[in-house]
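So the chains spell out like this:
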Amino acid sequence: MKKYFQEYVNAYRGLSQPAWMLSLVMLINRMGAMVIPFLGLYMTEHLHFSLKETGIVLSFFGLGAISGSYIGGRLTDIHGHFKIQLLSLFLTVPLFFVLPILKTPFFLSFGIFILSLIAETFRPANSVSIAHYAKPKNLTRALSLNRMALNLGFSIGPALGGLLAAFSYNWLFYGNGVTAAIAGFVFYTYFKRREGNKNLIKQIKDQKVQSQNPVKSPYKDKAFIIFNVLCAFYSICFFQLLSTLPLYYKQVYVLKDSAVGIILAFNGLVVFLLEMFLVNIAERRLTTFQTITLGAALLSISFILLISNAGIWILFLAMFFLSISEILVLPFTSTVTIKRAHQSNQGAYMGLNGLAFSAAHILSPSIGTQIAATFGFNTLWLSTAILALISTIGFYLIRDKFNSQIV
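Residues numbered from 1 in each chain as written. Predicted model: local features only at pLDDT ≥ 70, side-chain atom pairs only at ≥ 80, totals over all residues. Heavy atoms only, no water.

(A) Region of interest: the overall build of the protein. A count of helical and extended segments in the protein gives 17 helices and zero strands. A burial count over the protein gives 59% of its 407 residues as buried. Once local pairs closer than 6 in sequence are excluded, the contacts in the protein between residues at least 24 apart make up 88%. Carbon and sulfur atoms make up 68% of the accessible area of the protein, which totals about 17100 Å². (Helix = DSSP H or I, 4+ residues; strand = E, 2+ residues; numbered from the N terminus. Buried < 20%, exposed > 50% of the residue type's maximum accessible area, 1.4 Å probe, protein only. Contact = heavy atoms within 4.5 Å. Areas by Shrake-Rupley, 256 points an atom, 1.4 Å probe, with all protein chains shown as cover.)

(B) Broad picture of the environment of Arg123. Following the sequence through the fold, Arg123 ends up in helix 7 (residues 122-133). Taking the C-alpha atoms as reference points, Arg123 and Met350, 227 residues apart in sequence, are found 8.1 Å from one another. At a separation of 2.9 Å, a polar atom in the side chain of Arg123 contacts the side chain of Glu120. (Polar contact = N/O pair within 3.5 Å; in protein donor to acceptor, adjacent residues only side chain to side chain.)

(C) Quick peek at unusual backbone geometry. Located in the positive-phi region is His48, a residue other than glycine, with phi close to 60°. Mapped onto the elements, His48 comes out in the loop between helix 3 (35-46) and helix 4 (51-79). Positive phi outside glycine occurs at Val254, with the angle close to 55°. Mapped onto the secondary structure, Val254 falls in the loop between helix 12 (244-251) and helix 13 (257-285). For Val254, a relative accessible area of 65% gives the class exposed.

(D) The packing of helix 5 (residues 81-98) against helix 9 (residues 170-191), seen in detail. Between helix 5 and helix 9, the shortest axis-to-axis distance is 8 Å and the interhelical angle comes to 155°. Put simply, helix 5 runs roughly antiparallel to helix 9. As helix 5 runs across helix 9, the sense of the crossing is left-handed. Class assignment for the residues of the contact of helix 5 with helix 9 results in 17 nonpolar, five polar and no charged. (Axes fitted to C-alpha atoms, helices over the stretch in contact; angles between N-to-C directions. Parallel < 35°, antiparallel > 145°, perpendicular 65-115°, else oblique. Left-handed = near helix turned anticlockwise from the far one by under 90°. Nonpolar A, V, L, I, M, F, W, Y, C, P; charged D, E, K, R; others polar.)

(E) Structural view of the nonpolar core. Ranked by size, the top nonpolar core spans 86 residues in total, and within it Met43, Leu108, Phe227, Tyr248, Tyr249, Leu315 and Phe395 carry the most contacts. For this core, the leading source of residues is helix 15 (residues 312-340), giving twelve residues. The contact partners of Phe227, leaving out residues within four places of it in the chain, are Phe289, Ile292, Thr333, Val336, Thr337, Asn353, Phe395, Ile398 and Phe402. Counting residues in hydrophobic clusters, the runner-up holds 29 residues, among them Met26, Leu89, Phe191 and Met276. (Core = buried A, V, L, I, M, F, W, Y, C linked by side-chain atoms within 4.5 Å.)

(F) Local environment of the environment of Phe173. Within the fold, Phe173 resides in helix 9. When sequence neighbours within four positions are dropped, the list of residues in contact with Phe173 reads Val35, Leu39, Tyr42, Phe96, Leu99 and Pro100.

(G) The pattern of salt bridges, seen in detail. Applying the stated criterion to the full structure yields three salt bridges. Residue Arg141 is joined to Glu283 by a salt bridge in which the shortest nitrogen-to-oxygen separation is 3.9 Å. You can see Arg141 sitting in helix 8 (residues 139-167) and its partner Glu283 sitting in helix 13, a full 142 residues away along the chain. Judged by its relative accessible area of 9%, Arg141 falls in the buried class. Between Arg340 and Asp221 there is a salt bridge, and its shortest N-O distance comes to 2.9 Å. Taken as a pair, Arg340 in helix 15 and Asp221 in the loop between helix 10 (197-210) and helix 11 (222-238) lie far apart in primary sequence, 119 residues in all. (Salt bridge = Lys/Arg side-chain N within 4 Å of Asp/Glu carboxyl O.)

What follows is the structure, given as structure tokens:
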């Protein structure tokens, strides 16, 4: 027990104060993450949309995310990570208050698209910001710390969201708007004197001009493109967490909104408690691609377990495997992306990596709800497990295409 505790403490050592503050901002923002996990239920239970209409609206979230990732990556390289993060946080606030007014699939799709587009410009800017403030040897742990804060917020947000939804779904949107405003205020207060973006951008541009070797665009990096296709396959499976899994809990196990919130919160709690510890161990004992491959395999197992329909306990066990998979895959794919990029185009590389995950936001709910509606949830879980296995094999085979620093 003492050894475990010491390992846990060591995982947090050496992280800079800005890295902790970025994580605090993420925590505050994600504590209000009540809308997306309950969006499917909001549309089916409150607005009485059909399952197919719900899938279409959720796909517009992914379409906005894919656009936001691309635009955010480009803007980050031009204007710096501070401005893009700040604008993203503050511009989402009024949108959360407008969404409850939109009652039809058409208008809600449009509103979700705009919200997602603006919100997702935050992702590449945030990752570049972490890389900017973290020591190179602590990069993966700094990314993990940020994700740990995200998941702690995610463990609080859905649980609180489940309680608020019992009163009114509108409060989910209002709560998300308030926490985004608080996160933006904290971010501006701390980083307005620390961002140093003007000097950083000048150094990056000078470095790009003086470099004898041309900087490769991520869109011409074939190995990295294949890597992102595999990330998209993995994400299509993983993002069932935000679309069909809550519907499965509700329709098959007939759980209340509060119970659905507890299972989703369990995911955030597991990641919060174990991510830094497991990442620290994985960095010392496994290569980056071994870690990613293992994590993808665990995701496949997670969905295989759901086919058994063994009881509520299997939902928690499957969620546990999904959570460990998340720990072993997501921070390390970000590390691969940052290390693969040149300093002058980290935003573009993170933007392309974000596109992979955003594309999954389009495909995951649309494909998932279509398969569930037509063939049933067990067919969906089997298909998802097979796709996760394909990504596992792909990550293993592509590892030699990346240099030893990453592998």
